[in-house]
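Reading the structure
The residues making up each chain are set out below.
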Amino acid sequence: MGLPFGQLIVDGLAMGVVYVLLASGFNLIISTPKILFIAYGEFYMLGAYILWGLAHELEFPFIVALCLAILATAILGGIVYRLIFQRIEGHFMAIIVAAIGLMMLMSQATMVGFGTESKSLGSVFTGMINIGNLHISVERAVLIILTLAVLVGLHLLLQKTRMGRAMRAVSFNADVAALQGANSNMINLATMVIGCALAGFAGGILTPVFAIHPTMGAITFVILLVVM
């Protein structure tokens, strides 16, 4: 009985740290550029599919594929902010409609491009870590460690850097932050890029451990419950 329960704890921890990471990125986008970004889960899904395509189909090394997945989702996040959300800033219903439209477009494009069947990457890191009766796969251990490291890095960025202070100032009051020299448009763009990069990382890091599918973007609604 101890072994299955222990494995359940490990699996729960693996998903838990990813949920925390996704919630952190989603909360950044809600609080700084003030965008209720319903399409956030699709960036998580996109990161997973990009990593799968690069690592499985093109046989890129996992770390290279993960970095490219993060880069692609970050760039796309910056593009959709510049082309769409910056232009409708302050219009709540327009933002919701645009986010839902983007969500549907990305979901349908994924189904057309990759099909509707679930996909798995297979083992990237082999081996087991044995702690008493608890056996943890190296893949899950890497997932947990890397995600915790990114969370720590995000905390340091927000608390210890000039950009982080500017992001917190804009989220509190953009007008007052502007009086202190903060460029709210650039800060909002940077926040969107960072938030989407976190989603891409989360999707990519989960791909060796769990199967991916075109509906996984629905995780947004779980994140909404966490953040709200």
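Right above here is the structure, for reference.
Just so you know, these numbers come straight off a predicted model, no measurement behind them.

The rules behind these values
- Residues numbered from 1 in each chain as written.
- Predicted model: local features only at pLDDT ≥ 70, side-chain atom pairs only at ≥ 80, totals over all residues.
- Heavy atoms only, no water.
- Helix = DSSP H or I, 4+ residues; strand = E, 2+ residues; numbered from the N terminus.
- Expected span 1.5 Å × (residues − 1).
- Buried < 20%, exposed > 50% of the residue type's maximum accessible area, 1.4 Å probe, protein only.
- Polar contact = N/O pair within 3.5 Å; in protein donor to acceptor, adjacent residues only side chain to side chain.
- Phe/Tyr/Trp six-rings, centres within 6.5 Å; stacked < 30°, edge-to-face > 60°.
- Patch = residues over 30% accessible without salt bridge, like charges linked within 9 Å, V, L, I, M, F, W, Y side chains within 5 Å.
- Areas by Shrake-Rupley, 256 points an atom, 1.4 Å probe, with all protein chains shown as cover.
- Salt bridge = Lys/Arg side-chain N within 4 Å of Asp/Glu carboxyl O.
- Contact = heavy atoms within 4.5 Å.
- 1 Å grid on protein atoms, 1.4 Å probe; cavity = no way out; pocket = protein on both sides within 12 Å on 5 of 7 lines; lining within 4 Å.
- Points joined across faces, edges and corners; volume = space filled by probe spheres on them.
- Nonpolar A, V, L, I, M, F, W, Y, C, P; charged D, E, K, R; others polar.
- Axes fitted to C-alpha atoms, helices over the stretch in contact; angles between N-to-C directions.
- Left-handed = near helix turned anticlockwise from the far one by under 90°.
- Parallel < 35°, antiparallel > 145°, perpendicular 65-115°, else oblique.

A separate point is helix α8 (residues 184-206). Here α8 contains 23 residues, and its C-alpha end-to-end distance of 33 Å stays within 8% of the 33 Å for a straight helix at 1.5 Å per residue. Here α8 lies mainly inside the structure; 19 of its 23 residues are buried. Backbone nitrogen of asparagine 185 and a side-chain oxygen of the N-cap are separated by 3.2 Å at the start of α8; the cap is asparagine 183.

With that settled, consider the packing of aromatic side chains. One pass over the full model with this rule turns up six aromatic pairs. Between phenylalanine 37 and phenylalanine 43, the ring centres sit 5.5 Å apart and the planes meet at 45 degrees, which makes this aromatic pair tilted. Taking the relative accessible area as the measure of exposure, phenylalanine 43 reaches 0% and is therefore buried. A centroid spacing of 6.2 Å and a plane angle of 80 degrees characterise the contact between tryptophan 52 and phenylalanine 114, whose relative ring orientation is edge-to-face. On the criterion of sequence distance, the pair formed by tryptophan 52 in helix α2 (residues 40-57) and phenylalanine 114 in helix α4 (residues 92-114) is long-range, its members being 62 residues apart. A residue is classified by how much of its surface remains accessible, and tryptophan 52, at 8% relative accessible area, is buried.

Together, Leu58, Phe60, Val64, Leu68, Leu71, Ile75, Ile79 and Leu83 line one region of the surface with nonpolar side chains, adding up to about 690 Å² of accessible area. Tracing the backbone through its elements, the reader meets leucine 68 in helix α3 (residues 62-85).

What follows is about α4. Between its first and last C-alpha atoms α4 spans 33 Å; for 23 residues at 1.5 Å apiece the expected length is 33 Å, and the two agree. Elements that come into contact with the buried residues of α4 comprise α2 and α3. Immediately beyond the C-terminal end of α4, within one or two residues, lies glycine 115, with a positive phi of roughly 85 degrees.

Once rolled over the atoms, a probe with the size of a water molecule shows which space is left empty. Approximately 260 Å³ is the volume attributed to the largest pocket. In this structure, the largest pocket is lined by 13 residues; those nearest its centre are Arg162, Ala166, Gly181, Ala182 and Ile187. Every element with two or more residues in the lining of the largest pocket is listed here: α6 (162-172) and α8. Per-element tally for the lining of the largest pocket: the top contributor is α6, with five residues. In terms of residue class, the lining of the largest pocket is made up of eight nonpolar, three polar and two charged. Taken as a whole, the second largest pocket encloses approximately 170 Å³ of empty space. Along its surface, the second largest pocket is lined by 14 residues, and Pro33, Lys34, Glu89, Gly90 and Asn188 are the ones closest to its centre. For the lining of the second largest pocket, the secondary structure elements donating two or more residues are α3 and α8. For the lining of the second largest pocket, the per-class residue count stands at seven nonpolar, five polar and two charged.

Turning to the side chain of threonine 110, a few remarks are in order. In this structure, threonine 110 sits in helix α4. Assessed through its relative accessible area of 7%, threonine 110 is described here as buried. Reaching out from threonine 110, the side chain makes a polar contact with the backbone oxygen of methionine 106 at a distance of 2.8 Å. Residues contacting threonine 110, with those up to four places away along its chain left out, are Met45, Tyr49, Gly115 and Pro214.

Running from N to C, α3 and α8 cross one another at 145 degrees; their axes reach a closest spacing of 7 Å. Crossing geometry of α3 relative to α8 is assigned as right-handed. On the side of α3, the interface is formed by Phe62, Leu66, Ile70, Thr73, Ala74, Gly77, Gly78, Val80, Tyr81, Arg82 and Phe85, while α8 contributes Asn185, Met186, Asn188, Leu189, Met192, Val193, Cys196, Ala197, Gly200, Phe201, Gly204 and Ile205. Looking at side-chain class alone, the contact of α3 with α8 contains 15 nonpolar, seven polar and one charged residues.

Moving on, we come to the packing of α2 against helix α9 (residues 219-227). The interhelical angle for the contact between α2 and α9, taken along N-to-C directions, is 125 degrees, at an axis separation of 7 Å. Classed by the angle they form, the pair α2 and α9 counts as oblique. The way α2 lies across α9 gives a crossing that is right-handed. Contacts between α2 and α9 involve Tyr40, Gly41 and Tyr44 from the former and Ile219, Thr220 and Ile223 from the latter. Its residues placed into classes, the contact of α2 with α9 shows four nonpolar, two polar and no charged.

None of this, on its own, says anything about what the molecule does.
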